[in-house]
Amino acid sequence: MPMRPSLLLILLQIFYALLADASVHEYGGGGFTPRANSFFFHGGSEGLYASDPSANSSASFIKFDTVVFRRTQESASRHEDMQQKTGLVEAIIVEIQDRDKIGGSYLHSDAICCTPELDKEKSCRVGEVIIRPNPDNPDWPKRIQTFFDGKHEETTMEPQIVSINKTGMYYLYFMFCDPQLQGLKITGRTVWRNPQGYLPGKMAPMMTFYGFMSLAYLALGLLWFIQFVRSWKDILQLHYHITAVIALGMCEMAFWYFEYANFNSTGTRPMGITLWAVTFTAVKKTVSRLLLLVVSMGYGVVLPTLGGITSRVAALGFIYFVASEALELVENLGNINDFSGKTRLFLVLPVAILDATFIIWIFSSLSRTLEKLQLRRSMAKLELYRKFTNSLAVSVLISIAWIGYELYFNATDPLSELWQRAWIIPSFWNVLSYALLVIICILWSPSRNPTGFTYSEDAGEGADEEGLSLVGSAVKGTGDMVNMFQRINAHNEFWPECSCTPGGKLWNALFLGS
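Everything numeric in this text was worked out from a predicted model, so none of it was measured. (Residues numbered from 1 in each chain as written. Predicted model: local features only at pLDDT ≥ 70, side-chain atom pairs only at ≥ 80, totals over all residues. Heavy atoms only, no water.)

Participant: An account of the overall build of the protein chain is needed here, citing residue identities and associated values.
Facilitator: Check the secondary structure of the protein chain and you find 14 helices and ten strands. Across the protein chain, every contact between residues at least 6 apart in sequence was considered, and the portion connecting residues at least 24 apart equals 77%. Here the protein chain displays about 26,700 Å² of accessible surface, and carbon together with sulfur accounts for 60% of that area. (Helix = DSSP H or I, 4+ residues; strand = E, 2+ residues; numbered from the N terminus. Contact = heavy atoms within 4.5 Å. Areas by Shrake-Rupley, 256 points an atom, 1.4 Å probe, with all protein chains shown as cover.)

Participant: Before we move on, can you summarise the confidence of the model for the protein chain with the specific residues and values?
Facilitator: Per-chain confidence: the protein chain averages 78 in pLDDT, with 78% of residues scoring 70 or above. Contacts of residues 1-22 to residues separated by more than four positions or lying in other chains number 31 contacts, the stretch itself having pLDDT below 50. Across residues 457-514, confidence stays below pLDDT 50; counting only partners more than four residues off in sequence or on other chains, it has 71 contacts. (pLDDT = per-residue confidence, 0-100.)

Participant: I'd like to hear about the pattern of salt bridges, residue by residue, with values.
Facilitator: Across all of its chains, the model carries 15 salt bridges by this definition. Between R70 and E154 there is a salt bridge; the shortest N-O distance is 2.8 Å. Here R70 is found in strand β4 (residues 61-70), whereas its partner E154 is found in strand β7 (residues 154-156), with 84 residues between them in sequence. The exposure class assigned to E154 is partly exposed, which follows from its relative accessible area of 43%. The salt bridge involving D100 is made with R132; its shortest N-O contact spans 3.8 Å. Taken together, the positions of D100 in the loop between β5 (87-95) and α3 (116-120) and R132 in the loop between α3 and β6 (142-148) put the pair 32 residues apart, joining distant regions of the chain. With a relative accessible area of 38%, D100 lands in the partly exposed category. Residues participating in the shared-partner salt-bridge network are E90, R125, E128 and R143. (Salt bridge = Lys/Arg side-chain N within 4 Å of Asp/Glu carboxyl O. Buried < 20%, exposed > 50% of the residue type's maximum accessible area, 1.4 Å probe, protein only.)

Participant: How would you explain the sheet that holds β5 if you had to name every residue and give the values?
Facilitator: Hydrogen bonds between backbone groups are what pair the strands of a sheet, and the pairing can be parallel or antiparallel. The strand order across the open sheet built from five strands is β2-β3-β9-β5-β6, with neighbouring strands paired in antiparallel fashion. Both edges of this open sheet fall to β2 (33-35) and β6, since each of them pairs with a single strand only. The average angle at which neighbouring strand axes cross in this sheet is 30 degrees, direction not considered. Across three bridges, β2 lies against strand β3 (residues 38-48) in antiparallel orientation. What sits directly across from T33, in β3, is F40. (Pairing = 2+ DSSP bridges. Axes fitted to C-alpha atoms, helices over the stretch in contact; angles between N-to-C directions.)

Participant: So what about the nonpolar core? Which residues, and what values?
Facilitator: Membership of the largest hydrophobic core comes to 62 residues, with the highest contact counts inside it found for I242, Y260, Y385, F388, L392, L437 and W444. Secondary structure elements with two or more residues in this core: α4 (204-230), α5 (237-266), α6 (271-296), α7 (310-333), α8 (341-376), α9 (379-412) and α10 (424-443). Excluding anything up to four places from it in sequence, L437 contacts Y217, L220, I242, V245 and I246. Formed by 26 residues, the second largest nonpolar core is a distinct cluster that contains Y27, I62, A91 and Y170. (Core = buried A, V, L, I, M, F, W, Y, C linked by side-chain atoms within 4.5 Å.)

Participant: Help me get a handle on the layout of surface pockets, residues and values and all.
Facilitator: One number sums up the size of the second largest pocket: a volume of about 470 Å³. Forming the boundary of the second largest pocket are 20 residues, of which R35, R99, I102, I112 and Y173 lie nearest the centre. Tallying contributions element by element places strand β9 (residues 168-176) first for the lining of the second largest pocket, with three residues. Partitioned by chemical class, the residues of the lining of the second largest pocket number eleven nonpolar, five polar and four charged. (1 Å grid on protein atoms, 1.4 Å probe; cavity = no way out; pocket = protein on both sides within 12 Å on 5 of 7 lines; lining within 4 Å. Points joined across faces, edges and corners; volume = space filled by probe spheres on them. Nonpolar A, V, L, I, M, F, W, Y, C, P; charged D, E, K, R; others polar.)

Participant: Which residues make up the pairing of β5, and what values do they have?
Facilitator: Within β5, nine of the nine residues are buried, leaving the element largely enclosed by the surrounding structure. Of the two faces of β5, the one carrying G87, V89, A91, I93 and E95 and the one carrying L88, E90, I92 and V94 are both buried. As defined by bridge partners, β5 adjoins β6 across seven bridges and the pair is classed as antiparallel. Looking at the pairing, G87 lines up with F148 of β6. By the bridge criterion, six bridges tie β5 to β9 in an arrangement that is antiparallel. Its bridge partner lying in β9, E90 is registered against M175.

Participant: Tell me what's going on with the environment of W402, and back it up with residues and numbers.
Facilitator: Structurally, W402 can be placed in helix α9. Judged by relative accessible area, W402 falls into the buried class, the value being 18%. For the pair W402 and I425, spaced 23 residues apart in sequence, the C-alpha separation works out to 8.6 Å. With sequence-adjacent residues up to four places away left out, W402 is seen in contact with I424, I425, F428 and W429.

Participant: Any chance you could break down the environment of T155 for me, citing the residues and the numbers?
Facilitator: Turning to its location among the elements, T155 is positioned in strand β7. Given the relative accessible area of 12%, T155 is considered buried. The sequence separation of T155 and V67 amounts to 88 residues, and the corresponding C-alpha distance is 8.8 Å. Among residues more than four places away in sequence, those in contact with T155 are V67, V68, F69, T146, F147 and F148. Polar contacts involving the side chain of T155 include one to the main-chain carbonyl oxygen of F147, which spans 2.9 Å. (Polar contact = N/O pair within 3.5 Å; in protein donor to acceptor, adjacent residues only side chain to side chain.)

Participant: Lay out the state of the cysteines with the relevant residues and their values.
Facilitator: With the rule as written, the count across this model stands at two disulfides. With its sulfur 2.0 Å from that of its partner, C113 forms a disulfide with C177. One disulfide, between C113 and C177, carries an S-S torsion of -85 degrees and so falls in the left-handed class. Linking C113 in the loop between β5 and α3 with C177 in the loop between β9 and β10 (185-193), this pair joins segments that are 64 residues apart in sequence. Note on C113: relative accessible area 2%, which makes it buried. Among the residues examined, C177 registers a relative accessible area of 10% and is labelled buried. Here C114 engages in a disulfide with C124; their sulfurs sit 1.9 Å apart. (Disulfide = S-S within 2.5 Å.)

Here it is, written out as structure tokens:
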């Protein structure tokens with residue numbers, strides 16, 4: 001079947017953004033945006049660490065490589081062949097803490113480019129961007145000028161390297177002040193490098209983090225494998241699902257580590273490794289949520305199969321995988337800032353809605369499972385699920401608190417001034433996911449008397465299965481009224497109102513806001 005043009009266009013945009021989302025910033029004929037009395041093009045922004053003066057190989061720099069400016073034919077025809085300096089384009093590099101030194105704010109003017117009035121005061125030169133030098137470092141903010149000559153429509157910026165001697169978040173803008181240059185286009189590239197490699201400073205700690213997480217998953221996998229082998233005769237179907245999540249986690253962390261290592265050494269993101277890493281992330285997130293859901297339903301412990309809801313569980317998992325894969329592709333193969341806010345909302349919103357669906361279904365399933373175990377008086381299984389419920393509830397509360405912190409962090413740091421701490425935000429979710437997996441491995445370890453937690457089809461459980469409605473609508477049993485009241489009393493005594501069952505305080509706090 002031929003590919004639809006819209007889908008092809010999206011894929012081409014993602015592929016092109018792949019080159020832009022790297023320490024090698026490619027410019028493919030972009031235009032300039034007007035602002036105040038200037039025109040600018042954002043050439044990139046990254047956190048850079050200061051160069052190590054003791055080693056030439058550990059230099060931190062921004063390199064201008066074959067940057068070409070092309071003006072319109074109409075603009076070039078306004079000049080004569082023998083004229084010099086018929087147009088000026090400036091490359092401005094500024095550390096974010098010096099942003100107030102760009103423009104005429106210190107001259108009590110809203111202008112960014114120098115005006116004749118300011119030129120008369122000898123504060124700047126007409127046609128140039130107003131820059132107030134840093135008293136502690138007179139060469140910064142850095143200004144690099146490139147001129148057009150005569151009627152030439154193109155001019156090439158002189159290749160040069162700007163050394164970075166101060167740690168900070170650096171922004172690069174290409175700017176011009178002459179309105180006659182409207183329609184100017186830029187092509188070429190710049191190369192940004194930190195002392196330890198091409199990874200942007202905000203991303204550099206993530207390579208170390210993924211290395212440690214790979215070792216953590218490997219250690220968990222080895223311990224789980226040992227327990228798995230020791231009790232292989234009593235293995236439940238659920239244990240195979242847990243094994244799959246551990247294996248996916250190991251592959252995911254390993255692929256991300258190698259993806260970042262390759263990025264650090266070359267300056268561009270390798271599409272093949274990135275695609276594998278993104279896919280493993282989407283699969284692992286989907287399988288992890290399905291694992292939490294089927295565990296909450298009591299699969300393998302309270303229920304032998306999921307029955308008629310298997311198709312619904314599988315459908316939810318498939319939809320979540322597609323939505324998660326699309327979001328991960330855009331965020332990692334391209335720069336999300338290249339896409340409009342509506343596009344990002346279109347990608348993020350389905351994932352958020354599906355996550356909420358999983359949470360509601362998980363807690364409602366846990367409530368029914370706990371109720372069933374209470375009425376069966378399966379104390380060992382009930383204790384197991386009570387620990388799991390408490391752990392899951394704590395993780396939800398921690399997640400809500402962390403989301404609030406993320407919103408606060410992003411709202412108070414719009415210019416990435418806290419870039420050295422930004423890696424903690426995405427790392428938290430990986431740590432939380434790993435912690436939940438460890439808890440499940442401990443609670444459902446193959447060595448924990450597996451015969452006591454497997455589903456049994458004895459008469460007692462069969463009778464209870466037929467006599468209990470999962471939605472708690474009516475109690476149908478063969479016992480008399482006294483037996484029913486004994487069950488109700490046992491239910492109330494064993495599980496206080498602070499539990500996660502409907503009507504409990506924690507349930508009300510999570511879902512009713514009371």
